[in-house]
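The lines below spell out each chain.
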Amino acid sequence: MLLHVTHETRYDYAPPVETAQHLAHLKPLVTPSQRLVSHALVIEPAPAQRSESPDVYGNTRAFFALESTHDELRVVAQSVVETLPPQLSPAVARQLPWEQVRERFRYRKGSTFDPASEFGFPSPYVPRHDDFSAYARPSFVAARPAFDVAMDLTQRIYRDFQYDTDSTEINTPAVEALAQRKGVCQDFAHIMIACFRTMGLPARYVSGYLLTQPAPGKARLVGADASHAWVQVYLPGDDDRCGDWADFDPTNGRQPGEDYVTLAIGRDYSDVSPMRGVLHGGARHTLHVGVTVQPVAEMQTPPAGASQTQTQSQSQTSSQESPSQIQSQSFYRHQEPS
């Protein structure tokens, strides 16, 4: 598929921000099943400094700094991506029991290092907890192949959990979302990752987009889509050969296909949030996000008077520091509808 993605983010600040530095993960990855045809990032007001660099996981991060007072920030990423159905490497041992996969990642002196092992440890949004292993165990049947374990767990989360955008916030612990059986795609991805890591297997977080279909007879609304998140589980190869990462989407109970666009990968959401930064001023802000994913062949100008943007608005203090520090400097990491 040839897909066009527009991701628009706007912050309205009160009081105005005096200076700011931001990092953005908004440029889709290049993978064996995904080719980046074009990408443009428009920032208003124009930044005084701007650069791109890869992070430790191979994602492209954009840095930009604003050095003049502003009460609004608008960032628009436009990308065209050619996608194919993801295919696992032929070297993957799909029938390898999960217990044997776990044994490959147990530390042994002198053993060969596998880079996937770093995704087996706890991370800021994915801690260790007995509740995760308790939920995971029915899927981790003795001698079941790791691939089948991942598919079973994906479908169990899909059946057991209610998608509810009002049930969690960005800082809601994954174990709390597990207990209430409610959340959004970010929560479901963190829960599935936590289950795998607790059982000794590597798993990582994927941020991206999903092509949604409008209701029959209805036009595709501009800005009505949202960011998405899913999981990659590592499957080793035969005879210690290089393995591969398999994608699973617990929100929809399926494996991602060519209707998915991969944006960035990391240990959890904290590594790949679309926007984060440090502000001087701007104690409160309102966030508006609009995402549109559409096949290039179907792109057209929306009719006059049509609804063009569906946004998420958040009025919040953009800091986790003490109130006395908010006016001088604050850090933020925003959550989008998912």
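The preceding data block contains the structure.
The following paragraphs examine the structure supplied in this document.

About the thresholds
- Within every chain, residues take consecutive numbers counted from 1 along the sequence as written.
- Two thresholds apply to this predicted model, a pLDDT of at least 70 for residue-level local features and 80 or more for giving and counting side-chain atom pairs, whereas whole-chain, interface and lining totals are computed over all residues.
- Hydrogens are left out, water is left out, and the side-chain values use all remaining heavy atoms of the structure.
- The secondary structure listing takes helices from DSSP runs of H or I that are at least 4 residues long and strands from runs of E that are at least 2 residues long, numbered from the N terminus.
- Residues count as neighbours in contact if any of their non-hydrogen atoms are within 4.5 Å of one another.
- Computed with a 1.4 Å probe, the accessible areas rest on the Shrake-Rupley method; for each residue, only the protein chains presented here act as cover.
- For every element, the axis is a line fit to its C-alpha atoms; helices are fit only across the contacting stretch, and the angle between N-to-C directions ranges from 0 to 180 degrees.
- A crossing counts as left-handed when the near helix is turned anticlockwise from the far one by less than a right angle, and as right-handed when that turn is clockwise.
- In the sections that follow, a salt bridge refers to a side-chain nitrogen of Lys or Arg positioned within 4 Å of a carboxyl oxygen of Asp or Glu.
- Accessible area is worked out with a 1.4 Å probe on protein chains only. A residue is then buried under 20% of its type maximum, exposed over 50%, and partly exposed in between.
- To define a nonpolar core, start from buried Ala, Val, Leu, Ile, Met, Phe, Trp, Tyr and Cys residues and group those joined through side-chain atoms within 4.5 Å.
- Pairing between strands requires that DSSP locate at least two bridges from one strand to the other.
- A helix is expected to reach a length of 1.5 Å times the quantity of its residues less one.
- Only the six-membered ring of Trp is used, alongside the rings of Phe and Tyr, when aromatic pairs are assigned; centres must lie within 6.5 Å, and planes under 30 degrees apart are stacked while those over 60 apart are edge-to-face, with the rest tilted.
- Here, a charge over a ring means that NZ of Lys or CZ of Arg falls within 6 Å of the ring centre while also lying within 35 degrees of the ring normal.
- Think of it this way: Lys and Arg go in the positive column, Asp and Glu in the negative one, and His and the chain ends go nowhere.
- Identification of polar contacts relies on pairs of N or O atoms within 3.5 Å, with a donor-acceptor requirement for protein atoms, meaning one able to donate a hydrogen and the other able to accept it, and with residues adjacent in sequence counted only if both atoms are side-chain atoms.

1. Focus on the overall build of the protein
- When you go through the protein residue by residue, the secondary structure sums to seven helices and 15 strands.
- Long-range pairs, those at least 24 residues apart, make up 77% of the contacts in the protein between residues at least 6 apart in sequence.
- On the protein, roughly 15600 Å² of surface is accessible, and the fraction owed to carbon and sulfur atoms is 50%.

2. Brief notes about the packing of helix α3 (residues 146–160) against helix α5 (residues 185–198)
- With their axes 11 Å apart at the nearest point, α3 and α5 run at an angle of 145° to one another. For the element pair α3 and α5, the recorded crossing hand is right-handed. Each of A146, V149, A150, L153, T154 and I157 in α3 lies in contact with α5, whose residues at this interface are F188, I191, M192, C195 and F196.

3. Some points on the pattern of salt bridges
- Tallied over the full model, the rule gives 11 salt bridges.
- Between R267 and D271 there is a salt bridge whose closest N-O contact spans 2.8 Å.
- Looking at R267, the relative accessible area reads 27%, which means it is partly exposed.
- Taken together, the shared-partner salt bridges in this structure form one network comprising E8, E44 and R74.

4. A closer look at the nonpolar core
- Ranked by internal contacts, the top residues of the largest apolar core, which has 57 residues, are F140, I157, I191, M192, F196, V233 and F248.
- Looking at this core, the element that brings in the most residues is α5, giving nine residues.
- Contact partners of M192, with chain neighbours within four places excluded, come to A150, L153, T154, I157, V231, V233, F248 and P250.

5. A few points about the sheet that holds strand β10 (residues 244–248)
- On the basis of which strands lie adjacent, the open sheet formed by four strands has the order β10-β9-β8-β11 and antiparallel pairing. Of all the strands in the sheet, just β10 and β11 (260–266) have a single pairing partner and so form its edges. Neighbouring strand axes in the sheet, compared pairwise and without regard to direction, differ in orientation by 35° on average.
- Taken together, the five bridges between strand β9 (residues 227–235) and β10 define a ladder with antiparallel strand orientation. Bridge pairing in β10 places L235 opposite D244.

6. What about the environment of A91?
- Mapped onto the fold, A91 is located in the loop between β5 (70–83) and α1 (98–104).
- Sequence-wise, A91 and G237 are 146 residues apart; in three dimensions their C-alpha atoms are separated by 5.0 Å.

7. Describing α3
- Taking 1.5 Å of rise per residue, 15 residues should cover 21 Å, and α3 covers 21 Å from first to last C-alpha, within 8% of that figure.
- Three or more residues of α3 are buried, namely A146, F147, V149, A150, M151, L153, T154, R156 and I157.

8. As for the pairing of β11
- Counted residue by residue, β11 has seven buried out of seven residues, so it is predominantly covered.
- Where strand β8 (residues 203–210) and β11 come together, six bridges link them in antiparallel fashion. Within β11, the position partnered with S207 by the bridge is A264.

9. Here's the deal with the packing of aromatic side chains
- Under the criterion given, the structure shown has 14 aromatic pairs.
- With centroids separated by 5.9 Å and ring planes inclined at 5°, the aromatic side chains of Y11 and Y13 adopt a geometry described as stacked.
- Y13 sits in the buried class, given a relative accessible area of 6%.
- Note on Y57 and F119: the rings are 5.5 Å apart at their centroids and 45° apart in plane angle, and the pair reads as tilted. Highlighted residues: Y57 in the loop between β3 (49–54) and β4 (60–66) and F119 in the loop between α1 and α2 (130–136), separated in sequence by 62 residues.
- By relative accessible area, Y57 is classed as buried at 17%.
- Clustering of aromatic rings is evident, with ring pairs tying together Y57, F105, F119, Y234 and W245.
- A cation sits over an aromatic face here: R156 above Y135, 4.2 Å from the ring centre.

10. Quick word on unusual backbone geometry
- In the segment running from A14 into P15, the intervening peptide bond is cis, with an omega of -10°.
- For P15, the location among the structural elements is in strand β1 (residues 2–27).
- Residue P45 is reached from E44 by a cis peptide bond, and omega for that bond is 0°.
- Within the secondary structure layout, P45 lies in the loop between β2 (34–44) and β3.
- In the Ramachandran plot, A143 falls in the positive-phi region, its phi being about 70° despite a non-glycine side chain.
- Looking at where A143 falls in the secondary structure, it is placed in the loop between α2 and α3.
- Non-glycine residue R181 carries a positive phi angle of around 55°.
- Relative to the assigned elements, R181 resides in the loop between α4 (174–180) and β7 (182–183).

11. Describing the side chain of D55
- Note that D55 resides in the loop between β3 and β4.
- The buried charged residue D55 lacks any salt bridge, with R61 as its nearest oppositely charged partner at 5.6 Å.
- Here Y57 takes part through its backbone nitrogen, which lies 2.9 Å from a polar atom of the side chain of D55.
- Not counting residues within four places of it along the chain, the set of residues in contact with D55 comprises H25 and R61.

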